[in-house]
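Residue-level structural notes
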Amino acid sequence: MLGVYELADDTLRIERSAKTLRTLALERMRDAIMGFHFQPGERLVERPLCDQLGVSRSVVREVLRQLETEGLVQMIPGHGPAVARPDLSRTDEIYELRALMEGIAARACALTATEGQIAALERAFDVLLKAWASANPIEVMRATTKFYEVLFDAADKRIAWEIVQGLNVRINQLRSMTIASENRRDAAIAEMTDIMNAIKSRNGDAAEAAARRHVEQAWRIAQQTLRNS
């Protein structure tokens, strides 16, 4: 069983704000799936979700449809919506793309980023370290996404980042599994530190190699987790 990020009974309930109820409910459900409040394959029943989120059935239906387009929810004939189980063949393709694009971005960042951009990347890395220390998987995923956003921007790889953004929901679904794996924290921090050190040293080859190693290690963990689930 995958590690579960425990949520209080009322954690899913949302407060009224400037954001639409649909947007708030979508964010809360996405986080709940990423944090394994709902397990892969678990049915998502509308009425309990309405009660947990404090929204109408029409909002819940819209949210489930959106999550289906993102690949986080799948419709099971005769049973309705359920949390999607990642497809191993598609997972391989996602990690192949990640390794390629993150490696290219790390190399370019090491070779061309300004000192100010590298300083911004160091700040994003510090936030990521704090997120790991918090042991909150949702915060780790958010901080990791922000780190890579700063990295791709410093590398001037904006089109590549747009491609990554299109995959980010699925990337984070897989990332949530690797984050929850035993002993991943220390290894991930060491791998990310290698990326950061190579960039600061202006070593493009080392930065690309470190970025690819990090993705490949996460890939191996995801493959094993999916095969065992």
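Here we summarise the structure given alongside this text. Per chain, residues are indexed from 1 in the order of the written sequence. Totals for whole chains, interfaces and linings use every residue, but because this is a predicted model, local features are given only for residues with pLDDT of at least 70 and side-chain atom pairs only at 80 or more, for both listing and counting. With hydrogens and water set aside, each side-chain value is computed from the structure's full complement of heavy atoms.

1. Some remarks on the packing of helix 4 (residues 88-112) against helix 9 (residues 204-228)
Axis definition: a line fitted to C-alpha atoms, limited for helices to the stretch in contact. Angles are taken between N-to-C directions and run from 0 to 180 degrees. Helix and strand assignments follow DSSP, with helices taken as H or I runs no shorter than four residues and strands as E runs no shorter than two, numbered in order from the N terminus. Closest axis-to-axis distance for the helix 4/helix 9 pair is 7 Å, and the angle between their directions is 160°. Taken together, the axes of helix 4 and helix 9 lie roughly antiparallel to each other. Once helix 4 is placed against helix 9, the crossing between them reads as right-handed. Looking at the contact of helix 4 with helix 9, its residues break down into 14 nonpolar, five polar and nine charged. Orientation categories follow fixed angle ranges, with anything under 35 degrees roughly parallel, anything over 145 roughly antiparallel, 65 to 115 roughly perpendicular, and all other angles oblique. Put simply, a crossing is left-handed when the front helix is turned counterclockwise from the back one by less than a right angle, and right-handed when it is turned clockwise. All amino acids are sorted into three groups, where Ala, Val, Leu, Ile, Met, Phe, Trp, Tyr, Cys and Pro are nonpolar, Asp, Glu, Lys and Arg are charged, and the leftover types, Gly among them, are polar.

2. Brief notes about the packing of helix 6 (residues 137-154) against helix 7 (residues 158-180)
Two numbers describe how helix 6 lies on helix 7: the axes approach to 10 Å, and their chain directions differ by 155°. Considered as vectors, helix 6 and helix 7 are oriented roughly antiparallel to each other. The two elements helix 6 and helix 7 meet at a crossing, and its hand is right-handed. Facing Pro-137, Val-140, Met-141, Thr-144, Thr-145, Tyr-148, Glu-149, Phe-152 and Asp-153 of helix 6, the residues of helix 7 in contact are Arg-158, Ala-160, Trp-161, Val-164, Asn-168, Asn-172, Arg-175, Ser-176 and Ile-179. Considered class by class, the residues forming the contact of helix 6 with helix 7 number nine nonpolar, five polar and four charged. The contact criterion used throughout is that any non-hydrogen atoms of two residues lie within 4.5 Å.

3. A closer look at the nonpolar core
Burial of nonpolar side chains together is a common tendency in soluble globular proteins. Side-chain atoms within 4.5 Å are what join buried Ala, Val, Leu, Ile, Met, Phe, Trp, Tyr and Cys residues into a set we call a nonpolar core. Burial classes: relative accessible area under 20% of the type maximum marks a residue as buried, over 50% as exposed, and values in between as partly exposed (1.4 Å probe, protein chains only). One finds Phe-38, Phe-147 and Ile-199 to be the most contacted residues of the largest nonpolar core, which totals 74 residues. Take this core: its biggest share by element is 10 residues, from helix 6. When residues of this core are assigned to domains, at least three fall in each of domain 1 (21-83) and domain 2 (88-228). Excluding residues that lie within four positions of it along the chain, Phe-147 makes contacts with Leu-121, Ala-124, Phe-125, Met-192 and Met-196. Per the annotation, domain bounds derive from an automatic or database assignment of domains.

4. Some details on unusual backbone geometry
A positive phi angle is found at Ala-135, which is not glycine, with a value near 60°. Inspection of the secondary structure assignment puts Ala-135 in the loop between helix 5 (115-134) and helix 6. Of note in the backbone geometry, Asp-156 takes a positive phi value of approximately 60° without being a glycine. By the secondary structure assignment, Asp-156 is in the loop between helix 6 and helix 7.

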